[in-house]
Amino acid sequence: MSSDRIDAESKVSGNQANIPARIRRELNIDDGDQLRWHLEDDGSIRVQVIQQQTGTFADFDGYAGEEPTDVTSDHDAWGVDVE
């Protein structure tokens, strides 16, 4: 990547800077995503986009057990120990 190339510019207002729309679209940056900033030894800045996981099942890895389940009878009792 050439350091002479300028893709977009924005102004700083207070402690905030806008990300130009073209850059947001190119990197698929959405509300809630995080930007991780790295200050390089030569004074340049590297920014890494950390995209948030969304939705009800974002952290769900799935069922990896070997016990068969029957959704019609086990649905409401899943994970509940019956004594």
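Residues numbered from 1 in each chain as written. Predicted model: local features only at pLDDT ≥ 70, side-chain atom pairs only at ≥ 80, totals over all residues. Heavy atoms only, no water.

For the protein chain, the name recorded in an unreviewed UniProt entry is SpoVT-AbrB domain-containing protein, with Natrinema versiforme JCM 10478 as its organism.

### Comments concerning the pattern of salt bridges
The cut-off we apply is this: What counts as a salt bridge is simple: a side-chain nitrogen of Lys or Arg found within 4 Å of a carboxyl oxygen of Asp or Glu. To qualify as a helix, a DSSP run of H or I must reach at least 4 residues; to qualify as a strand, a run of E must reach at least 2; elements of each kind are numbered from the N terminus. The rule is simple: take the accessible area with a 1.4 Å probe, protein chains only, and divide by the maximum for that residue type; under 20% is buried, over 50% is exposed, in between is partly exposed.
One pass over the structure, following the stated rule, counts two salt bridges. A salt bridge links Asp-7 to Arg-22; the nearest nitrogen and oxygen atoms lie 4.0 Å apart. On the criterion of sequence distance, the pair formed by Asp-7 in the segment before strand E1 (12–13) and Arg-22 in helix H1 (residues 21–27) is long-range, its members being 15 residues apart. On the basis of relative accessibility, which here comes to 46%, the residue Arg-22 falls in the partly exposed class. Where Glu-40 meets Arg-46, a salt bridge forms, and the shortest distance between an N and an O atom there is 2.9 Å.

### Brief notes about the confidence of the model for the protein chain
Applied cut-off: On a scale of 0 to 100, pLDDT captures the predictor's confidence in every residue.
Of all residues in the protein chain, 76% attain a pLDDT of 70 or more, and the chain-wide mean is 81. Considering each helix and strand of the protein chain separately, the mean pLDDT is smallest for helix H2 (residues 71–74), with a value of 69, and largest for strand E3 (residues 34–39), with 94.

### Observations concerning the environment of Leu-35
To be explicit about the condition: A contact between two residues is defined here by any heavy atoms of the two lying within 4.5 Å.
Looking at where Leu-35 falls in the secondary structure, it is placed in strand E3. Note: C-alpha distance between Leu-35 and Gln-48 (13 residues apart in sequence) is 5.7 Å. Apart from the residues within four sequence positions on either side, Leu-35 is in contact with Ile-19, Ile-29, Val-47, Gln-48 and Val-49.

### Observations concerning the pairing of E3
Keep this limit in mind: Two strands are said to pair when DSSP picks up at least two bridges between them.
Counting buried residues along E3, only zero of its six residues qualify, which leaves the element largely exposed. Bridging between E3 and strand E4 (residues 45–50) involves six bridges; their strand directions are antiparallel. Across the sheet, His-38 pairs through a bridge with Arg-46, a residue of E4. Here E3 folds back onto E4 in antiparallel fashion, the turn holding five residues, of which Gly-43 has a positive phi close to 90 degrees.

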